[in-house]
Amino acid sequence: SLDFWRLLYALLKQIHGEKWTESDATANQIRFVKSALWYHGYGRPELYRLPSDGSAGSRELLLAFSWLLHRLSLLEQLLARNRVKTGDETSVCMCEDDLPNSQKDTNEIAPPYGPGDRVDVRYLQWLNGRLRFQWQSLHAQHQEQCKLLHKIHLFTSGSHMDQTLGHFSVTETDLIRQPENYKQLLQLLESETMQLEAFLEWKQLEPVYWQWMETVLDNMAEEGNMRESQDAHVEKSGLPKVTSWCPWADSLTGQINRLSRDLMTLRDQLHELVTHRKAAWYEKVKTREEELQKEWFSATARKIQETVELKLLDIASLCDPKKNKMHGLCRLVFRSKHPASKTGFGRSVSKEPVSAVSATEVIRELQMREASLARELKQLQEECRRRLDEIAEGLDGVICISP
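If you look the chain up in an unreviewed UniProt entry, it shows as TEDC1 protein from Oceanites oceanicus.

Quick look at the structure:
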């Protein structure tokens with residue numbers, strides 16, 4: 001089980017883009033694995049009850065590992081992150097910003113915050129300012145990187161053997177300047193080839209693995225049922241028989257049995273009373289809901305109308321069959337030397353016409369998305385303001401000034 005904890009620690013560290021070392025304490029590794037699994041939405045409570053010394057839980061860790069394989073496409077992500085990048089690439093996303101399933105599951109299983117978990121709003125404002133500063137710094141660095149890439153592509157234009165590209169990438173330029181580095185690149189390519197071969201072998205044996213996991217799940221389910229039946233048997237079992245050498249045990253046992261019957265009767269009465277109170281409370285809640293539904297019908301209708309109008313503004317672009325829904329990494333290809341084409345993101349490196357999307361098209365798409373998100377943000381702000389006004393009206397002796 002300890003080796004399994006270390007394996008999950010190393011894999012999840014790579015997925016989250018962080019450095020890992022074997023010298024990290026075992027407790028820290030286990031804490032990180034539990035936190036990462038919780039973040040991705042793994043909701044099996046037995047895993048989080050495992051000890052922090054790594055002495056138990058091999059089967060629970062196997063189940064979590066299989067869940068990562070199926071839910072997060074763990075191996076595919078590792079191959080994508082460890083891929084040797086010989087060309088200059090950038091990430092392009094022209095998809096909708098739907099909430100991932102993993103985040104939905106995380107929100108569903110997240111524990112409620114108690115009074116002791118309250119955070120000062122000034123601390124949240126400080127975190128927000130710090131986040132904005134980091135985003136601005138990242139944006140400035142990205143702009144600087146784009147300028148340097150433009151210089152490299154411009155100065156090496158027409159030097160590449162492949163006329164589809166026509167220019168060198170950063171890696172290729174570095175190899176020209178420092179030819180001795182090709183050995184290291186060759187080793188990286190050989191390592192990636194070995195990983196791809198192992199992945200192909202895994203894909204052939206993957207059905208066997210999942211068939212084995214089905215038997216593991218069946219065994220765990222059977223053990224869980226046996227444990228529940230044993231617990232129920234222990235609860236239903238009565239007191240042990242009294243031995244003959246305890247003369248006072250008979251009367252004591254009779255008193256305990258009478259007390260047990262009285263407690264059972266009291267429990268039934270309380271259960272009946274709770275059921276009656278629940279029915280009466282549900283009836284009151286239903287009546288109040290009907291009243292609120294009549295009062296808030298116009299507000300709900302107005303909110304639905306605003307949402308429909310917001311969605312209708314984007315329906316033309318969403319339903320366009322000719323729209324190129326790109327997502328993921330694409331190779332940067334310099335096109336300014338060719339007047340007939342534009343600066344684009346080439347998906348392939350061949351002498352056939354490259355399926356590409358121009359930078360102006362991506363910018364236009366991002367501008368449309370920005371306008372859509374700005375409208376949605378304005379709608380949410382208005383809704384929050386109305387909600388705050390309603391809360392303020394219920395506070396006696398308090399004056400609230402809207403910002």
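From this point, the discussion proceeds with the structure in view.
Caption draft 1: Quick look at the pattern of salt bridges. Within this structure, the stated rule accounts for 7 salt bridges. Between glutamate 46 and arginine 44 there is a salt bridge, with the nearest N and O atoms lying 3.7 Å from each other. On the basis of relative accessibility, which here comes to 31%, the residue glutamate 46 falls in the partly exposed class. Owing to a relative accessible area of 27%, arginine 44 belongs among the partly exposed residues under this scheme. The partner of glutamate 390 in a salt bridge is arginine 387, with the nearest N and O atoms 3.5 Å apart. Of this pair, glutamate 390 and arginine 387 both sit in helix α12 (residues 359-393), 3 residues apart, roughly one helical turn.

Caption draft 2: Seen up close, the pairing of strand β1 (residues 89-93). Side chains of β1 alternate between two faces, with Thr90 and Val92 buried and Glu89, Ser91 and Cys93 left unburied. Pairing geometry for β1 and strand β2 (residues 327-333), over 5 bridges, is antiparallel. Residue pairing across strands places cysteine 93 opposite histidine 327, the latter belonging to β2.

Caption draft 3: Molecular detail of helix α2 (residues 26-39). Helix length check: α2, at 14 residues, gives a terminal C-alpha distance of 20 Å against a target of 20 Å (1.5 Å per residue), a fit within 8%. If you check which residues of α2 are buried, you get Gln29, Ile30, Phe32, Val33, Lys34, Ala36 and Leu37. Once α2 finishes, glycine 41 follows within two positions and takes phi at roughly 100 degrees, a positive value.

Caption draft 4: Quick peek at the UniProt feature "coiled-coil region" (unreviewed entry) in the chain. The UniProt feature table records "coiled-coil region" (unreviewed entry) at residues 249-276 and 363-390. Helix and strand shares over residues 363-390 are 100% and 0% respectively, and the end C-alpha atoms of the span are 41 Å apart.

Caption draft 5: Structural detail: the side chain of threonine 173. By the secondary structure assignment, threonine 173 is in helix α8 (residues 170-177). Since its relative accessible area comes to 17%, threonine 173 is described here as buried. At 2.7 Å, the side chain of threonine 173 forms a polar contact with the backbone oxygen of serine 169. The contacts of threonine 173, once residues within four sequence positions are left out, are Ile152, Thr156 and Phe168.

Caption draft 6: Highlighting the packing of helix α1 (residues 2-15) against helix α5 (residues 74-81). For the pair α1 and α5, the least separation of the axes is 10 Å and the interaxial angle reads 55 degrees. By the angle between their axes, α1 is oblique relative to α5. In the packing of α1 onto α5, the handedness of the crossing is left-handed. Each of Leu11, Gln14 and Ile15 in α1 lies in contact with α5, whose residues at this interface are Leu74, Gln77, Leu78 and Arg81. Residues that form the contact of α1 with α5 fall into these classes: 4 nonpolar, 2 polar and 1 charged.

Caption draft 7: Region of interest: the nonpolar core. Within the largest apolar cluster, 30 residues are counted, with the highest numbers of intra-cluster contacts made by Leu37, Leu47, Phe65, Leu68 and Leu74. For this core, the secondary structure elements donating two or more residues are α1, α2, α4 (58-71), α5 and α9 (182-236). A per-element tally of this core places α4 first, with 8 residues.

Caption draft 8: Looking closely at the packing of aromatic side chains. Summed over all chains, the structure comprises 8 aromatic pairs. Arranged with centres 5.6 Å apart and planes meeting at 85 degrees, the rings of tyrosine 9 and phenylalanine 32 form a pair that is edge-to-face. Taken together, the residues tyrosine 9 in helix α1 and phenylalanine 32 in helix α2 connect sequence positions 23 residues apart. With a relative accessible area of 18%, phenylalanine 32 lands in the buried category.

Caption draft 9: Region of the structure containing the confidence of the model for the chain. Summing up the model confidence of the chain, the mean pLDDT is 77 and the portion of residues at 70 or higher is 74%. When mean pLDDT is taken per element in the chain, helix α7 (residues 121-155) scores highest with 91 and helix α6 (residues 101-109) scores lowest with 44. Taken as a whole, residues 98-115 scores under 50 in pLDDT and shows 19 contacts with residues more than four places along the chain or in a different chain. The low-confidence segment residues 238-245, where pLDDT is below 50, has 6 contacts with residues more than four positions distant or belonging to other chains.

Caption draft 10: Summary view of a nonpolar patch on the surface. On the surface, Val119, Tyr123, Leu124, Trp126 and Leu127 cluster together into a nonpolar patch covering about 500 Å² of accessible area. Position of leucine 124 relative to the elements: it lies in helix α7.

Caption draft 11: Broad picture of the environment of alanine 36. With respect to the helices and strands, the residue alanine 36 is situated in helix α2. Residues alanine 36 and isoleucine 15, 21 residues apart in the sequence, show an inter-C-alpha distance of 9.9 Å. If near-sequence neighbours (up to four positions away) are discounted, alanine 36 is found in contact with Leu12 and His16.

Caption draft 12: Up close: the packing of α1 against α4. Orientation of α1 relative to α4, taken along the N-to-C sense of each, is 25 degrees, at an axis distance of 10 Å. Taken together, α1 and α4 sit at an angle that is classed as roughly parallel. As for the relative orientation of α1 and α4, their crossing is left-handed in sense. In this structure, α1 uses Phe4, Trp5, Leu8, Leu11 and Leu12 to contact α4, whose residues at the interface are Ser58, Leu61, Leu62, Phe65 and Leu68. Of the residues contributing to the contact of α1 with α4, the split by class is 9 nonpolar, 1 polar and no charged.

About the thresholds
- Residues numbered from 1 in each chain as written.
- Predicted model: local features only at pLDDT ≥ 70, side-chain atom pairs only at ≥ 80, totals over all residues.
- Heavy atoms only, no water.
- Salt bridge = Lys/Arg side-chain N within 4 Å of Asp/Glu carboxyl O.
- Buried < 20%, exposed > 50% of the residue type's maximum accessible area, 1.4 Å probe, protein only.
- Helix = DSSP H or I, 4+ residues; strand = E, 2+ residues; numbered from the N terminus.
- Pairing = 2+ DSSP bridges.
- Expected span 1.5 Å × (residues − 1).
- UniProt positions renumbered as here; feature names shortened; annotations may be inferred.
- Polar contact = N/O pair within 3.5 Å; in protein donor to acceptor, adjacent residues only side chain to side chain.
- Contact = heavy atoms within 4.5 Å.
- Axes fitted to C-alpha atoms, helices over the stretch in contact; angles between N-to-C directions.
- Parallel < 35°, antiparallel > 145°, perpendicular 65-115°, else oblique.
- Left-handed = near helix turned anticlockwise from the far one by under 90°.
- Nonpolar A, V, L, I, M, F, W, Y, C, P; charged D, E, K, R; others polar.
- Core = buried A, V, L, I, M, F, W, Y, C linked by side-chain atoms within 4.5 Å.
- Phe/Tyr/Trp six-rings, centres within 6.5 Å; stacked < 30°, edge-to-face > 60°.
- pLDDT = per-residue confidence, 0-100.
- Patch = residues over 30% accessible without salt bridge, like charges linked within 9 Å, V, L, I, M, F, W, Y side chains within 5 Å.
- Areas by Shrake-Rupley, 256 points an atom, 1.4 Å probe, with all protein chains shown as cover.

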